[in-house]
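# Architecture at a glance
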Amino acid sequence: MKITRRNILKTTVAASVTLAMPHLWLPKSGEAWGATLKKGEPIKVGLLFSLTGSLAVPEEDSTLVMQYAIDEINKAGGVAGVPIEPVIVDAKSDFSVYSEKAKELILRDKVIAIFGCYTSASRKAILPTVMQRDHLLYYPTCYEGAECTQNTICTGPLANQHSQDLIPFMVQQFGKRVFFVGSNYVWPKESNKNAKVWLEKAGGELLGEEYIPLGSSEFGPVLNKIRDANPDFIFSTVVGASDIAFHKQFKQEGFKVDKMPIASLTTGEIETRAMGAEFGAGHFLSAPYFQSLDTPTNHKFVESFLKSKYGKNGTTHYNMEETYTSAYVFKAGFEKAAAAVGFENVTPRIIRDHSGGVRVEDDISPEGLVWIDEDNFNTWLKPKIGQCQADGTFKIVKAAEKHVAPNPYSIYPDAGVCTKDGLKAPDGKIRKNVI
Amino acid sequence: MDLGSLLNALILGVSIASIWLIAALGLTIIYGTAGVINMAHGELIMLGAYSSYMLQFYLGLPYLLCLPASFVIVGLVLERCLIRYLYNRPLDTLLATYGVSLVLMQGVRLLFGSDPKYLAVPEIFQSNVMLGSVSISVFRVVVLLVTTLLVLALWLLFYKTRFGVQVRAVMQNKEMAASFGINSGRIYMMTFALGAGLAGVAGALFGVLAIVLPTMGASYVVQAFLMVVVGGGSLAGSVVASGATGELQSVFAFFTNDTLARFIIFVLIVVFLRFRPQGLFAQAGARR
C-alpha cells in the first residue's frame, strides 16, 4: 500500500475504531462489572492516592502503608491463598486526575477494589464512576458522613464518633466557652455541625466560628478574634499545611497552651513532627489510633513498619493505621465472599455484600478490635483522646469504654437511616446511592 | 470589638502587608527590570526555605545566619545554573520559568521527600510582647524589620549607586544603554540573582511562620503577582499596594471573616484595575 494522505487517514480511522471497540462491550450503567479473577493470577487492587502535589503529605503515607500491608498479607499466604498485586497510580492532588485514574483502574487494570482518596472532594470526584460500575471503594480516613452509597467501605471515624467524647471532655477539663476554627470546605463544616450538637449537650457555649481558605497560612486575623473572645479552648478542624501554620502562630502570638488548648480532629503525629514538638505540646487530638498506643499489636506494627522499606517518613499515625486496617477488612470480606460464591465469581459488589459485620481482631488491628457496620458499612471503633507531649508523641488521656456506632446521618434524623440497600427515609422509601 | 481590638487589627495589617511585600519584592525587581514574568518565583521562595533548612540541618548554623546564607545560595547558584540561559526571549521566559518551577518542585520532592521540614528558630522569636491590650508577635516584628531593611537597601541600591543608574538606564532603553557601554546581559543577570535572592530570604522567613514543603511556593506566588500588578511593577508601587491590601485584609477580616475579606479585596482590585490598568505607579519605559 502506497503511503498517501488518504491511506494514512483510512488506517488511522480503522485503528481508532478497533481500539474503541471495548467500549461497545461495556456493561450499561448500574450493571455488575463482571468478575476479572482467574485462578493462578494475583488479585489486583488499585491504590489511588496522590504522590505529588499539595495532598502528597498524608497520601504518600497511605500508599506506603498500603504496600506494607499487602506485602504482609502476601507473605502470610495472601487472600484466599492468592497474592494481592497493587496497581499504584498518582492522582497528583488533582480531582480530575482522581476520576480519570479511577476509570482507568476499573476498565483497563480491572482491579477488584480501589483503596483511595483523602479529601472529601476527591472521594466525591470518583464516587460517580465507582457507583456507575458497581465497583468498590475503600475510603480509609475520617470523614463527615451524610452519604449512603452501596459501593463504599469506610474505615475511619465518622463525625459523630470523632467529637462525641472530645467535646464533653474539653468542656469538663477547661470550661464551657469554645471557639471553632476550620478549613473552608465540606469536612470541617459538617464536623462542626456535629460538634455543636455535642457542645449543646455538654452545656457549652459557642463564642465564634471562623473558616480559613484551604491552604492559607495567615492566621493573624483569626487569632485576633480568638484573643477578643477569650474562649476556654479552641476546637479545630483546620487541615494540612494550614494546621501547622495555625499551631505555630498560636504560640508565636503569645497564646498559652495550658490556658487555651486546641482540641483537634486532625493534628496527629505527622503534623506535630512537621511543626516541631514545642508547638504541638499540650494540645489534644481525638482519633481511634495513636502511635503511642500501648498494645502488643501496635508495638509490632510500629516497629516492623518503621524498619521496613516503606517506613522512610519515620512515623505512623491515625490515617495510616486506618489504611492498614482497610487492607485486612478487604481480606476478610473477600475470603467470606469467596467461600460463599466461589473464588472466580467474586465481584466488587459481592465483596461489599459480604463485608458487613467483618471484624479485624485486636491481634491484627493496631487500634484494637474494629468491625464493619452491616447497614452503612462504616466502622465500629473506639475513639481515643490524646494529649501531645513535649517530645511530640501523644499520651492517651481518655479512651471510649465501648465501641461507638458509626452514624452517617446523626445530625440529619429527617434524612432517614442508611441501610445496606440505600437511604431509608422515615416514610419507608429507599433511595440508592445518595451522595 | 473595642479600640484595642481595632488597634490589634491595624498592627496585624502592617505585618500581613510586610509578608506580602517580601514575597513580591523579588518578583517586582525581575519584572520591573527585565520584563520577565517569573513563574518560578514561588519555587524560589520554597528553595530559600529548604536552603535554610539544609544549612541548619547539615551545618548546624543558627537561624539568623541562615537568612543571609539562603540569599546567597538561592540567588547565585540558581541564576548561574539555569536562569541566565533564558534571558532575551521575553515570551519564552513565562513558559520556561513555569517549567523551571515544576522541575524545582519535583527535584526538591525527590531529594527531601514530601514530608514537611522543620526550621528551628531562637526561643525568643516564638513569643510575643504585650503593649497594653495590643499583642505583638516577635517573629512578625522580625519579618517587618527585614522587609523594611530590604526596601531601604534596594532604594539605596537603585537610586544612590552606579549599579542603580545602569539598571535604570537598561530599563528605560536597552539599546541606548548598550551604546553607552553598559552590558545589559550582565545587568539582567545581576537583577535576576538579586530578585531570586530576595525570594530566598522570603522563604527563610515564611518557613518559620508556616511550613516548609515542596509545594509551599504556590500559596505565596499569587499574592505576590497581585501586588506587582496593582503596584504597576515598580518598587514604590509594590510597597504601597502591599501596605493598602494588607491593612484592608486585616480590617475587613476583623469586621467580617477571613474568606469574605479576601473576596472583598479581589473585587476591589478588579475594580481598581478596570480604571487604572497600568497599576499604581507604572514604570516609565518598562514596557517594551
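The rules we used
Residues numbered from 1 in each chain as written. Chains lettered and ligands numbered in written order. Predicted model: local features only at pLDDT ≥ 70, side-chain atom pairs only at ≥ 80, totals over all residues. Heavy atoms only, no water. Contact = heavy atoms within 4.5 Å. Buried area = accessible area lost by both parts, 1.4 Å probe. Salt bridge = Lys/Arg side-chain N within 4 Å of Asp/Glu carboxyl O. Polar contact = N/O pair within 3.5 Å; in protein donor to acceptor, adjacent residues only side chain to side chain. Helix = DSSP H or I, 4+ residues; strand = E, 2+ residues; numbered from the N terminus. Nonpolar A, V, L, I, M, F, W, Y, C, P; charged D, E, K, R; others polar. Pairing = 2+ DSSP bridges. Axes fitted to C-alpha atoms, helices over the stretch in contact; angles between N-to-C directions. Parallel < 35°, antiparallel > 145°, perpendicular 65-115°, else oblique. Left-handed = near helix turned anticlockwise from the far one by under 90°. Core = buried A, V, L, I, M, F, W, Y, C linked by side-chain atoms within 4.5 Å. Buried < 20%, exposed > 50% of the residue type's maximum accessible area, 1.4 Å probe, protein only. Expected span 1.5 Å × (residues − 1). Bend = angle between axes of the 7 residues up to and from the residue. UniProt positions renumbered as here; feature names shortened; annotations may be inferred. Right-handed = clockwise from strand over helix to strand, strands pointing away. pLDDT = per-residue confidence, 0-100.

Moving on, we come to the interface of chain A and chain B. If you look at the interface, chain A gives 38 residues, while chain B gives 39 residues. Here chain A and chain B share an interface that buries about 3100 Å² over both sides, 48% of which is from carbon and sulfur atoms. Put simply, chain A and chain B have 4 salt bridges between them. The tally of links from chain A across to chain B stands at 23 residue pairs in polar contact (both at pLDDT 80 or more). Secondary structure elements with two or more residues in the side of chain A that touches chain B: helix H3 (56–75), strand E7 (205–212), helix H9 (220–229), helix H10 (240–252), helix H11 (269–275) and helix H12 (277–280) of chain A. When residues in the side of chain A that touches chain B are grouped by element, the largest group, 7 residues, is from H10(A). For the side of chain A that touches chain B, a count of residues per class yields 13 nonpolar, 14 polar and 11 charged.

Further remarks concern the sheet that holds strand E11 (residues 359–360) of chain A. All names here are of chain A. Taken in spatial order, the 3 strands of this open sheet run E11-E12-E13, and their pairing is antiparallel. Two strands bound the open sheet, and with one partner strand each, they are E11 and strand E13 (379–380). Judged from the 2 bridges that link them, strand E12 (residues 370–372) and E13 form a sheet pairing that is antiparallel. Residue pairing in the sheet places Trp-371 in a bridge with Trp-380 of E13.

What follows is about the packing of helix H1 (residues 3–34) of chain B against helix H9 (residues 218–231) of chain B. Residue and element names in this part refer to chain B. At a closest axis distance of 8 Å, the pairing of H1 and H9 adopts a crossing angle of 60°. Here H9 runs oblique to H1, going by the angle between their axes. Crossing of H1 against H9: the hand is right-handed. In this structure, H1 contributes Trp-20, Ala-23, Ala-24, Leu-27, Thr-28 and Tyr-31 to the contact, and H9 contributes Tyr-220, Gln-223, Ala-224, Phe-225, Met-227 and Val-228. Its residues assigned to classes, the contact of H1 with H9 comprises 10 nonpolar, 2 polar and no charged.

Another point: the nonpolar core. Ranked by size, the top nonpolar core spans 101 residues in total, and within it Val181(A), Ile226(A), Tyr63(B), Phe139(B), Leu205(B) and Phe206(B) carry the most contacts. Looking at this core element by element, the count peaks at 14 residues for helix H8 (residues 184–209) of chain B. Apart from residues lying up to four places away in sequence, Ile226(A) is in contact with Phe179(A), Val181(A), Pro231(A), Ile234(A), Phe255(A) and Met260(A). Formed by 51 residues, the second largest nonpolar core is a distinct cluster that contains Val82(A), Val302(A), Phe305(A) and Tyr318(A).

Quick look at helix H5 (residues 120–132) of chain A now. All names here are of chain A. For H5, built from 13 residues, the straight-helix expectation of 18 Å at 1.5 Å per residue is met to within 8% by its first-to-last C-alpha distance of 19 Å. Within H5, the axis deviates most sharply at Ile-126, by approximately 35°, and proline Pro-128 lies no more than four positions further along. Buried within H5 are the following residues: Ser-120, Ser-122, Arg-123, Ile-126, Leu-127, Thr-129, Val-130 and Met-131. Lining the buried residues of H5 we find strand E1 (43–49), helix H4 (95–107), strand E4 (137–139), strand E5 (152–154) and helix H8 (186–201). Of the residues trailing H5, Asp-134 is marked for its positive phi of about 50°.

Here we take up the UniProt feature "transmembrane region" (unreviewed entry) in chain B. Residue and element names in this part refer to chain B. Under the feature "transmembrane region" (unreviewed entry), the UniProt entry names residues 7–37, 57–78, 90–112, 132–158, 192–214, 220–240 and 252–273. As annotated, residues 132–158 has a helix share of 78% and a strand share of 15%, and its two end C-alpha atoms lie 40 Å apart. Secondary structure over residues 220–240 splits into 86% helix and 0% strand, and the C-alpha atoms at its two ends are 18 Å apart.

Okay, the pairing of E7(A) next. Residue and element names in this part refer to chain A. Note: strand E6 (residues 177–183) against E7, 7 bridges, orientation parallel. The partner of Phe-179 across the bridge, within E7, is Gly-208. Regarding the hand of the β-α-β motif, the stretch spanning E6, H8 and E7 is right-handed.

Turning to the pairing of E6(A), a few remarks are in order. Residue and element names in this part refer to chain A. For E6, a buried count of 6 out of 7 residues is recorded, marking the element as mostly surrounded by other parts of the structure. For E6 and strand E8 (residues 233–237), the ladder comprises 5 bridges, and the chain directions are parallel. Considered in E8, the bridge of Val-178 is made with Phe-233.

All names here are of chain A. When the pLDDT values of chain A are averaged, the result is 86; 94% of them are 70 or greater. For chain A, helix H2 (residues 22–25) is the element with the lowest average pLDDT, namely 48, and E4 is the one with the highest, namely 94. Taken together, the stretch residues 23–32 has pLDDT below 50 and engages in 13 contacts with residues farther than four places along the chain or on a different chain.

Looking at the secondary structure, you find Glu43(B) in helix H2 (residues 41–59). When neighbours within four sequence positions are excluded, Glu43(B) is seen to be in contact with Ser101(B), Leu104(B), Met105(B), Gly217(B) and Ala218(B).

Attention now moves to the pattern of salt bridges. Residue and element names in this part refer to chain A. Following the criterion strictly, the structure yields 21 salt bridges over all chains and no others. Of the charged contacts, one joins Arg-123 and Glu-147 as a salt bridge, the two residues approaching to 2.9 Å between their closest N and O atoms. Placement of Arg-123 in helix H5 and of Glu-147 in the loop between E4 and E5 is noted, with a sequence separation of 24 residues between them. One exposure class covers both Arg-123 and Glu-147, and it is buried. The residue Lys-331 makes a salt bridge to Glu-335 at a minimum N-O spacing of 3.1 Å. Of the two residues, Lys-331 and Glu-335 both sit in helix H14 (residues 318–341), 4 residues apart, roughly one turn of that helix. When salt bridges with common partners are traced through the structure, they connect Lys-101, Glu-104, Arg-108 and Asp-109 into a single cluster.

The next thing to look at is unusual backbone geometry. One can expect most non-glycine residues to show negative phi and most peptide bonds to be in trans. Residues and elements named next belong to chain A. Although it is not a glycine, Asp-134 adopts a positive phi angle of roughly 50°. Judged by relative accessible area, which is 11%, Asp-134 ranks as buried. Of note, the phi angle at Ala-146 is positive, near 55°, even though the residue is not glycine. Tracing the backbone shows Ala-146 in the loop between E4 and E5.

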